[in-house]
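# Report on the structure
If you want the building blocks of each chain, they are given just below.
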Amino acid sequence: MRMYYCHTCDADQPHRPLNQAEASLLRERLGRASVHEFWICEAVLDTGTGSRCRNLRTGWNKKPFDQPIKLPVPE
């Protein structure tokens, strides 16, 4: 994990690379062949439920999309 700024959380938060299920979902959503440059925010938003932010960014761009994209939790 790395600490990156999260545009949604408005703070430095832990981020991790996408797992295979998340990468597959994002490739389909964006229509791209590769999404290896994306990182997902792991900040815990609700300690009771353990829900996380899941906002996407790249290693060099804190806001790569006009509207933030948050990946759903893979089933």
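Residues numbered from 1 in each chain as written. Predicted model: local features only at pLDDT ≥ 70, side-chain atom pairs only at ≥ 80, totals over all residues. Heavy atoms only, no water.

A tally of regular secondary structure across the chain gives one helix and six strands. Order of helices (α) and strands (β) in the chain, N terminus to C terminus: β-β-α-β-β-β-β. In terms of C-alpha radius of gyration, the chain reaches 12 Å, essentially the compact-globule figure of 11 Å for 75 residues. Projected onto its principal axes, the C-alpha coordinates of the chain cover approximately 35 × 30 × 25 Å. Restricting the contact set of the chain to residue pairs at least 6 apart, pairs at least 24 apart contribute 39%. Of the roughly 4,900 Å² of accessible surface on the chain, a fraction of 49% belongs to carbon and sulfur atoms. Across the chain, the 11 positively charged side chains and the 9 negatively charged ones have centroids separated by 4 Å. (Helix = DSSP H or I, 4+ residues; strand = E, 2+ residues; numbered from the N terminus. Rg over C-alpha atoms; globule rule 2.2 N^0.38 Å. Contact = heavy atoms within 4.5 Å. Areas by Shrake-Rupley, 256 points an atom, 1.4 Å probe, with all protein chains shown as cover. Lys, Arg positive; Asp, Glu negative; His and termini not counted. Charge placed at Lys NZ, Arg CZ, Asp CG, Glu CD.)

Before going further, it helps to spend a moment on the nonpolar core. Side chains of a nonpolar character, in soluble globular proteins, are inclined to be buried together. Grouped together as the largest cluster of nonpolar side chains are ten residues: Leu18, Ala23, Leu26, Val35, Phe38, Ile40, Leu56, Phe65, Ile69 and Leu71. Mapped onto this core, the elements with two or more residues apiece are helix 1 (20-30) and strand 3 (38-41). Beyond its immediate sequence surroundings of up to four residues, phenylalanine 38 is in contact with Pro17, Leu18, Leu26, Leu30, Arg32, Leu56, Arg57, Thr58, Pro64 and Phe65. (Core = buried A, V, L, I, M, F, W, Y, C linked by side-chain atoms within 4.5 Å. Buried < 20%, exposed > 50% of the residue type's maximum accessible area, 1.4 Å probe, protein only.)

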